[in-house]
Amino acid sequence: MPARPPGTTVPPEAVLTTVGTTGPATAVAEIAVHGSWSHRLGLDVTAALRDCFADRPSSIIIIDLHGMEDDDAASLPLWLAARRAANALRPPVRLALCLPTATILQIRLRRIGAHRLPLYTTMTEARAAAASPSVG
């Protein structure tokens, strides 16, 4: 890969950071999303989710959005579609988002009643909830 010119930034990307096991029958996949929301970042996230869905035994996917900038909540449709896709799998995959409070995305998710998509403010909270059978 050629070197980037000084002063340029690395393009945004979705990074599959961890795949681990939290219990005897529960596999947890974690995806950390970094960068400003864009069409390209959406494609990267979609590809990462598709990989997690295809590689099941992951029964829970936690998506960490602390590194993502989305000032106008343009990513909202993707998270709702991901939730529908996760529910359509047999057996369903549980999906949870980890994002800061008081962001436009978090406020809109709560406002539209996306209570079916669990929201957490820290990865510690999300991981603890993933160990419980009630998340998702």
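Check the entry above for the structure.
In this report, we go over the structure that sits alongside the text. (Residues numbered from 1 in each chain as written. Predicted model: local features only at pLDDT ≥ 70, side-chain atom pairs only at ≥ 80, totals over all residues. Heavy atoms only, no water.)

Notes on unusual backbone geometry
Consideration 1: A cis amide bond links R90 to the next residue, P91, at an omega of -5°.
Consideration 2: Along the chain, the position of P91 falls in the loop between α2 (76–88) and β4 (94–98).
Consideration 3: In this model, A73 sits at a positive phi of 60°, which is unusual for a non-glycine residue.
Consideration 4: Residue placement: A73 occurs in the loop between β3 (58–69) and α2.
Consideration 5: Looking at A73, the relative accessible area reads 6%, which means it is buried.
Consideration 6: Unusually for a residue other than glycine, A102 sits at a positive phi of about 65°.
Consideration 7: Its place among the elements puts A102 in the loop between β4 and α3 (104–111). (Helix = DSSP H or I, 4+ residues; strand = E, 2+ residues; numbered from the N terminus. Buried < 20%, exposed > 50% of the residue type's maximum accessible area, 1.4 Å probe, protein only.)

Regarding the nonpolar core
Consideration 1: Counting 29 residues, the largest nonpolar core has L49, I61, I63 and W79 as the members making the most contacts within it.
Consideration 2: Residue assignment for this core shows that the elements contributing at least two residues are β2 (27–36), α1 (39–54), β3, α2, β4 and α3.
Consideration 3: Here this core takes 6 residues from α1, the largest share from any one element.
Consideration 4: Grouped together as the second largest cluster of nonpolar side chains are 10 residues, I60, M123, A126 and A130 included. (Core = buried A, V, L, I, M, F, W, Y, C linked by side-chain atoms within 4.5 Å.)

Remarks on the packing of α1 against α2
For any two helices packed against each other, the geometry comes down to the angle between their axes and how far apart the axes lie.
Consideration 1: Viewed as axis vectors pointing N to C, α1 and α2 meet at an angle of 15°, and their least axial separation amounts to 12 Å. Between α1 and α2, the angle is such that the two are roughly parallel. In the crossing of α1 with α2, the sense of the turn from one axis to the other is right-handed. Across from G42, V45, T46, L49 and F53 in α1, the residues of α2 making contact are L78, W79, A82, A85 and A86.
Consideration 2: Class assignment for the residues of the contact of α1 with α2 results in 8 nonpolar, 2 polar and no charged. (Axes fitted to C-alpha atoms, helices over the stretch in contact; angles between N-to-C directions. Parallel < 35°, antiparallel > 145°, perpendicular 65-115°, else oblique. Left-handed = near helix turned anticlockwise from the far one by under 90°. Contact = heavy atoms within 4.5 Å. Nonpolar A, V, L, I, M, F, W, Y, C, P; charged D, E, K, R; others polar.)

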